[in-house]
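Overview (structure and organization)
Letter by letter, the chains look like this.
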Amino acid sequence: MSAGPTSERVQQSLKRLIMERGYRPGSRLDPAELAAILASSTTPVREALNHLAGEGLVEARSGGGFLVPLIDEPGLKDLYAWSSDIIQLALRSARRSVLQSIEFDPDSASTAEQAAQLLHRIASASNNREHGEAMERTNARLHVARIGEEDMLGGIDEELYALAHGARAGDIKLLRRTSSTYHLRRQRAAAKLLRGVYRDD
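The present account deals with the structure reproduced in this document. Note that the coordinates shown come from a computational prediction; the quantities given were computed from them, not determined experimentally.

**Remarks on the packing of aromatic side chains**
Applying the stated criterion across every chain yields a total of one aromatic pair. Aromatic side chains Phe-104 and Tyr-161 sit 5.4 Å apart centroid to centroid with 85 degrees between the ring planes, which places their arrangement in the edge-to-face category. With Phe-104 in the loop between α5 (96–100) and α6 (111–123) and Tyr-161 in helix α9 (residues 156–169), the pair connects residues that are 57 residues apart, well separated along the chain. Looking at Tyr-161, the relative accessible area reads 45%, which means it is partly exposed. Across the ring face of Tyr-182, the terminal group of Arg-186 is positioned such that the distance to the ring centre comes to 3.7 Å.

In structure tokens form, the structure reads like this:
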């Protein structure tokens, strides 16, 4: 019989809670409160908070305590630019056979999750596995902004289809252009996307 959730399960649950706007940017994260929510003791919660601080999803304050990092327009632009850079770097050594094997099912998840999965798979086609791992961390930090992309921008399905088409065709040049256009659109719309991040649902 299990004694309770493991540290890994607590970490994944807490990560999902933050990514899905369970706590707004700037919110304080109280270990005791989170332990009650996650049916855990405070020790694995603190371990999870420290781990997520290393990934940039949580901010550890110098005087102790944790909060969800605030997001500003320059910071969001930088995150989208970094996502673009990862893809461009990954495509330098991408294996076409891996790109061509990428599956894309538009009905499998939300558009935010579809974007994360697709970009992660493209980055993971690189011979350097660090690209895939960097994209996974960046996707987690961008998720809260991506949730509102469909409402704030529209046309997300078409963009994802274009990325998937470039991958399935094994066309590196097309994929570079498509990815650049995809990310540049979001950099230009960063202020608009932030309104979605901070809105009250």
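**As for the packing of helix α4 (residues 73–92) against helix α10 (residues 172–188)**
Interaxial distance between α4 and α10 falls to 9 Å at its minimum, and their mutual angle equals 175 degrees. With respect to α10, the element α4 is oriented roughly antiparallel. Contact residues: α4 offers Lys-77, Tyr-80, Ala-81, Ser-83, Ser-84, Ile-87, Gln-88, Leu-91 and Arg-92, while α10 offers Ile-172, Leu-175, Arg-176, Ser-179, Ser-180, His-183, Arg-186 and Gln-187.

**With respect to the pattern of salt bridges**
Applying the stated criterion across every chain, the model contains ten salt bridges. Ionic pairing is found between Arg-28 and Asp-30, a salt bridge with its closest N-O pair at 3.5 Å. One salt bridge in this structure joins Arg-61 and Glu-59, with 3.6 Å as the shortest N-O distance. Using a relative accessible area of 45% as the deciding quantity, one classes Arg-61 as partly exposed. In the salt-bridge network here, residues are joined through shared partners; they are Glu-149, Glu-159, Arg-185 and Arg-186.

Reading the values: rules and limits
Residues numbered from 1 in each chain as written. Predicted model: local features only at pLDDT ≥ 70, side-chain atom pairs only at ≥ 80, totals over all residues. Heavy atoms only, no water. Phe/Tyr/Trp six-rings, centres within 6.5 Å; stacked < 30°, edge-to-face > 60°. Helix = DSSP H or I, 4+ residues; strand = E, 2+ residues; numbered from the N terminus. Buried < 20%, exposed > 50% of the residue type's maximum accessible area, 1.4 Å probe, protein only. Lys NZ or Arg CZ within 6 Å of the ring centre and 35° of its normal. Axes fitted to C-alpha atoms, helices over the stretch in contact; angles between N-to-C directions. Parallel < 35°, antiparallel > 145°, perpendicular 65-115°, else oblique. Contact = heavy atoms within 4.5 Å. Salt bridge = Lys/Arg side-chain N within 4 Å of Asp/Glu carboxyl O.

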